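Observations on chain architecture
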Amino acid sequence: AEIPAEDCLDCGRETGFLPTPEMSVDGFSLIESKDVSYMLLSWEESTGATTYQMMIAQVYTREEDGYMVSAITTETLDVGISLAHGFSYVVYLSAHNEMNKTRSLPSNPLFIHCGSEEGCTLIN
């Protein structure tokens, strides 16, 4: 048998995938003096995972402004993040096992809109 040319972290053929985590928003706290909201997210443990990586894309309101992506890596089952008002966000999570180099497929994305005065809300 031939060894696949792709990295198995990308293809999943040799190593398989960890169970995909499902995130939930536990709440938003409006921080008025700073024009941001604090969002708490949590998820159930993904069997075999040693870390979790959350990707956060901040989407600007005008297409020509583009977007900004950041990542958070954690060993915990919850994360709190600050979201600036006036933007929309796309957030997703994947589980990783650093020892055997496996990962999960990305979770279903969460879509969040943060208005300038009303704070942040989850968009269905």
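Bear in mind that the values here come from a model prediction, so they are computed numbers and not experimental data.

About the thresholds
- Residues numbered from 1 in each chain as written.
- Predicted model: local features only at pLDDT ≥ 70, side-chain atom pairs only at ≥ 80, totals over all residues.
- Heavy atoms only, no water.
- Helix = DSSP H or I, 4+ residues; strand = E, 2+ residues; numbered from the N terminus.
- Buried < 20%, exposed > 50% of the residue type's maximum accessible area, 1.4 Å probe, protein only.
- Contact = heavy atoms within 4.5 Å.
- Disulfide = S-S within 2.5 Å.

1. A closer look at the overall build of the chain
- When helices and strands are tallied, the chain shows one helix and 10 strands.
- Secondary structure elements of the chain occur, N-terminal to C-terminal, as α-β-β-β-β-β-β-β-β-β-β.
- Within the span of the chain, comprising 124 residues, buried residues form 36% of the whole.
- Considering only contacts within the chain whose residues lie at least 6 apart along the sequence, 59% involve residues at least 24 apart.

2. Observations regarding the state of the cysteines
- In this structure the tally under the stated criterion is one disulfide.
- Across the disulfide, Cys-114 is cross-linked to Cys-120 (sulfur-sulfur distance 2.0 Å). Torsion about the S-S bond of the Cys-114 and Cys-120 cystine: about 105°, corresponding to right-handed handedness. Like Cys-114, the residue Cys-120 is buried in the burial classification.

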